[in-house]
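# Notes for the structure review
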Amino acid sequence: MADWLAALNRRAELRARAGLTRRLHPRPAADTVVDLAGNDYLGLSGHPEVIAAATRALSRYGLGATGSRLVRGSTEAHHALEESLAGWLGKDRALVFSSGYLANLGAVRALVRPRTLLVSDAHNHASLIDGCRISGAETVVTPHADVAAVAAALVAAPGRPAVVITESIFSVDGDLAPLVDLHRVAREHGALLLVDDAHALGVTGPAGAGAVAAAGLAGEPDVVVTATLSKALGGAGGVVAGPAEFVRHLVETARTFIYDTALPPAVAAGVHAAVELARTGEDMRALLAERATLAVGRLRAAGLEVSTPDAAVVSVTAPGPEAATAWAAACRERGVAVGCFRPPSTPDSRSRLRLTIGAGVSRADFEHALEVIVECAP
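The sections below set out a description of the structure shown in this document. Remember, it's a predicted structure, so these values are computed and weren't measured experimentally.

### Quick word on the packing of aromatic side chains
For the structure on display, the rule yields one aromatic pair. Seen in terms of ring centroids, F97 and F257 are 5.5 Å apart; in terms of plane orientation they differ by 65 degrees. Their pairing is edge-to-face. Highlighted residues: F97 in strand β2 (residues 93–97) and F257 in helix α11 (residues 255–258), separated in sequence by 160 residues. Under the relative-accessibility criterion, F97 is labelled buried at 2%. We note R291 situated over the ring of F366; from NZ or CZ to the ring centre the distance is 5.4 Å.

Below you can see the structure in the form of structure tokens.
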């Protein structure tokens, strides 16, 4: 009976030797750490209007949704949020899931028909990778942002239904996918394009509508958009937006929607308020762009290898997983939280610190955090 526990301990030892141990760090409500690790890009999670909307819904509906969306979990708050998201994203309909992860699993599976080929970028998020695996469809993983490789994969599968799958702003390095070229290639071969806009929604595009809208693809019927509601919108949940026929198909067939308890109504209401704030948040988006430029300049001047951000994610290369862990720990000890990405979370076996730029951090704290990162560098 104890053999399986011993095997788990052995695996933990191997991960520790490779510098891949992960630990939970409880965050107090009165946390004073300068946060360059979380995803609250626009600082909306604690905005008074968001809190007020969530509080009103909490008093009306209670804590949970009390059921799946098709049983008792659909409320006026959910439907109002979906209408707002569809209009913002320029799509016929939007469907809210209880997490962005489940939204991606459901969307990928729903796009698969017999003989479908999935063409997935090598740097895609784990939720998209798992969606491809769970779908059971043949999947070709193409080199990162390589449009020619996507085209070659589609050429090699003539006559088959296909879906090109990509993030817009990639979660590891913060770079932008060549969306216009990917859509052109997909359309030339009769394929659909699925874009996870998680790190762009609220941060880029007209009225913050994301990278798909910025690329002029929002109204295209062969483009499906997914996103999490937990980043720039400061809440929780996920959304899939696209043609009305596709959203109907999700409602009727997506297991991650049908069999999952709905997002709490209070969260839906809070996110709805955040959407309205994000749509008019041009000053916040300008601040993010300014700070991303500042971060890159300061860190590169210190001799660090830094990505060129297309939104609000800045990646700083570390010598290895143990060095990345020690670097992040040293920053935390000095009051600065940074993301620490190591294999297998990174697609190219490189370890990094990931900095997420947030409008809710003061200018003085932000500049201090950059100094700490430089001083703690291995």
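### Some words on a nonpolar patch on the surface
Taken together, the side chains of W4, L5 and L8 make up a nonpolar region of the molecular surface, amounting to roughly 310 Å² of accessible area. Checked against the element boundaries, W4 lands in helix α1 (residues 3–17). Exposure remark for W4: the relative accessible area of 52% places this residue in the exposed category.

### Quick word on the sheet that holds strand β4 (residues 138–142)
Reading across the sheet, the seven strands line up as β2-β8-β7-β6-β5-β3-β4 and stay open at both edges, with mixed pairing between neighbours. Edge positions in the sheet fall to β2 and β4, since each of these pairs with one other strand and no more. Geometrically, the sheet is characterised by an average inter-axis angle of 20 degrees between neighbouring strands, direction not taken into account. Taken together, the five bridges between strand β5 (residues 162–167) and strand β6 (residues 192–196) define a ladder with parallel strand orientation. What sits directly across from I165, in β6, is L194. Contacts between helix α4 (residues 76–89) and the sheet are confined to β2 and β8 (238–242), with β2 contributing the most and set at about 125 degrees to the helix.

### Description of the environment of D175
Of note, D175 is situated in the loop between β5 and α8 (179–188). Exposure remark for D175: the relative accessible area of 18% places this residue in the buried category. Sequence spacing of D175 and T308 is 133 residues, and the spatial spacing of their C-alpha atoms is 7.0 Å. Not counting the four nearest positions on each side in its chain, D175 is found in contact with H144, S168, I169, F170 and D310. There is a polar contact of 2.5 Å between the side chain of D175 and the side chain of H144.

Calculation criteria
- Residues numbered from 1 in each chain as written.
- Predicted model: local features only at pLDDT ≥ 70, side-chain atom pairs only at ≥ 80, totals over all residues.
- Heavy atoms only, no water.
- Phe/Tyr/Trp six-rings, centres within 6.5 Å; stacked < 30°, edge-to-face > 60°.
- Helix = DSSP H or I, 4+ residues; strand = E, 2+ residues; numbered from the N terminus.
- Buried < 20%, exposed > 50% of the residue type's maximum accessible area, 1.4 Å probe, protein only.
- Lys NZ or Arg CZ within 6 Å of the ring centre and 35° of its normal.
- Patch = residues over 30% accessible without salt bridge, like charges linked within 9 Å, V, L, I, M, F, W, Y side chains within 5 Å.
- Areas by Shrake-Rupley, 256 points an atom, 1.4 Å probe, with all protein chains shown as cover.
- Salt bridge = Lys/Arg side-chain N within 4 Å of Asp/Glu carboxyl O.
- Pairing = 2+ DSSP bridges.
- Axes fitted to C-alpha atoms, helices over the stretch in contact; angles between N-to-C directions.
- Contact = heavy atoms within 4.5 Å.
- Polar contact = N/O pair within 3.5 Å; in protein donor to acceptor, adjacent residues only side chain to side chain.

All we've got here are geometric facts, nothing functional implied.
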